Amino acid sequence: MTENDYQTDRIDIYFSENAGVDFIPAHYHRDYQILFVVRGTIEITIEERTYTAPAGSVIFITNLERHRLRILESPYHCYVISIPQNHLFMMPEECPLLSVFLQRPGHFYHVLSLDGNQSEQVRRHAQRMLDEKTEQKPFWETDMSCLLTEFLICLYRFDPDYFPGSGSASAANIVFSVQKYISRNYKSSISLTDAAAVN
C-alpha cells in the first residue's frame, strides 16, 4: 500500500479525466473523498469490497481506506472532492450527513446510484464548487464549505435511507464525540480513560 501525501487544510475539488490512464493502483489518502462519476464506468475496490460504478454514481471513501480503480468504459470523467478531517468535525455532531464517513456499519455500501435528473442536480452542485475554487473570490473557502453541505443535503434528500446515521441514536453520538476528541488530540498521548471521559 502506498500513501498519497496529498493533504490540505481546506476542501478541495478537481475534475478528472482518464487521459490514457486505465488503472489507478491501491492507495489511500489522509483526507476523506467523494467521487462523482459523470461519464464512463469504473470498477473500484475499497478495502476488500469491489463495486461497478457507472455515470451517476457517488462514491464515499474515508481517510485511510485503501482503494484502487479500473476504468471499464471510456471516456471517464469524475469530480473528486477532498475533505480534511478537521472540516468534518466542525459540523454538528448529530448531523446525519456525516454518517457516510463516520459511524458507518460494516455493511455500508460505498456507492450511491442516482437517476439522470438527480445526477444533473448533483453535477451542478459539484461544478459550482469547482468554479468557486477556480475563481477564488473573497470568502471562497467559506463558500466551499457551504457548497459541500448543500451537496450532501441534496444527496440526503434524494435517499435519506442511504445515510446510516439518519436514525442516529445516542450511542452514535458518543462514538462521534470520541472520534472528534481523538482527531483533535492525536498528537498527544491519549488513554482509554481520557477517551471514555469525553461524554
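Residues numbered from 1 in each chain as written. Predicted model: local features only at pLDDT ≥ 70, side-chain atom pairs only at ≥ 80, totals over all residues. Heavy atoms only, no water.

A. Representation of helix H3 (residues 140-158). Taking 1.5 Å of rise per residue, the 19 residues of H3 would be expected to cover 27 Å, and the 27 Å separating its terminal C-alpha atoms lies within 8% of that figure. Trp140, Met144, Leu147, Leu148, Phe151, Leu152, Cys154 and Leu155 are the residues of H3 that are buried. When H3 is viewed along its axis, its buried side chains cluster within an angular range of 150 degrees and face the same direction. (Helix = DSSP H or I, 4+ residues; strand = E, 2+ residues; numbered from the N terminus. Expected span 1.5 Å × (residues − 1). Buried < 20%, exposed > 50% of the residue type's maximum accessible area, 1.4 Å probe, protein only. Arc of directions from axis to C-beta.)

B. Examining the pattern of salt bridges more closely. For the structure on display, the rule yields nine salt bridges. Here Arg10 and Glu141 are joined by a salt bridge, their closest N and O atoms 2.4 Å apart. Here Arg10, found in the loop between strand S1 (2-3) and strand S2 (12-17), pairs with Glu141, found in helix H3; they are 131 residues apart in sequence, far enough to count as distant. Since its relative accessible area comes to 43%, Arg10 is described here as partly exposed. One salt bridge in this structure joins Asp12 and Lys133, with 3.0 Å as the shortest N-O distance. One end of the pair, Asp12, is in strand S2; the other, Lys133, is in helix H2 (residues 116-135), with 121 residues separating them in the sequence. A residue is classified by how much of its surface remains accessible, and Asp12, at 12% relative accessible area, is buried. Using a relative accessible area of 23% as the deciding quantity, one classes Lys133 as partly exposed. Overlapping salt bridges bring together Glu120, Arg123 and Arg124 as one network. (Salt bridge = Lys/Arg side-chain N within 4 Å of Asp/Glu carboxyl O.)

C. View of the packing of aromatic side chains. All chains considered together, the criterion is met by nine aromatic pairs. When the ring of Tyr156 is compared with that of Phe163, the centres are 5.2 Å apart and the planes differ by 65 degrees; the resulting orientation is edge-to-face. In this structure Tyr156 comes out as partly exposed when scored by relative accessible area, which is 23%. Phe163 gets classed as buried once you look at its relative accessible area, which sits at 0%. With 5.9 Å between their ring centres and 85 degrees between their planes, Tyr162 and Phe163 make a pair best called edge-to-face. Of the two residues examined, Tyr162 and Phe163, each falls in the buried class. (Phe/Tyr/Trp six-rings, centres within 6.5 Å; stacked < 30°, edge-to-face > 60°.)

D. Focus on the environment of Phe101. Tracing the chain through its elements places Phe101 in the loop between helix H1 (85-88) and strand S8 (111-113). Separated by 62 residues in sequence, Phe101 and Phe163 place their C-alpha atoms 9.5 Å apart. Other than its neighbours up to four places away in sequence, Phe101 contacts Tyr32, Gln33, Ile34, Phe60, Ile61, Thr62, Ile83 and Leu88. (Contact = heavy atoms within 4.5 Å.)

Honestly, it's all geometry; don't read function into it.
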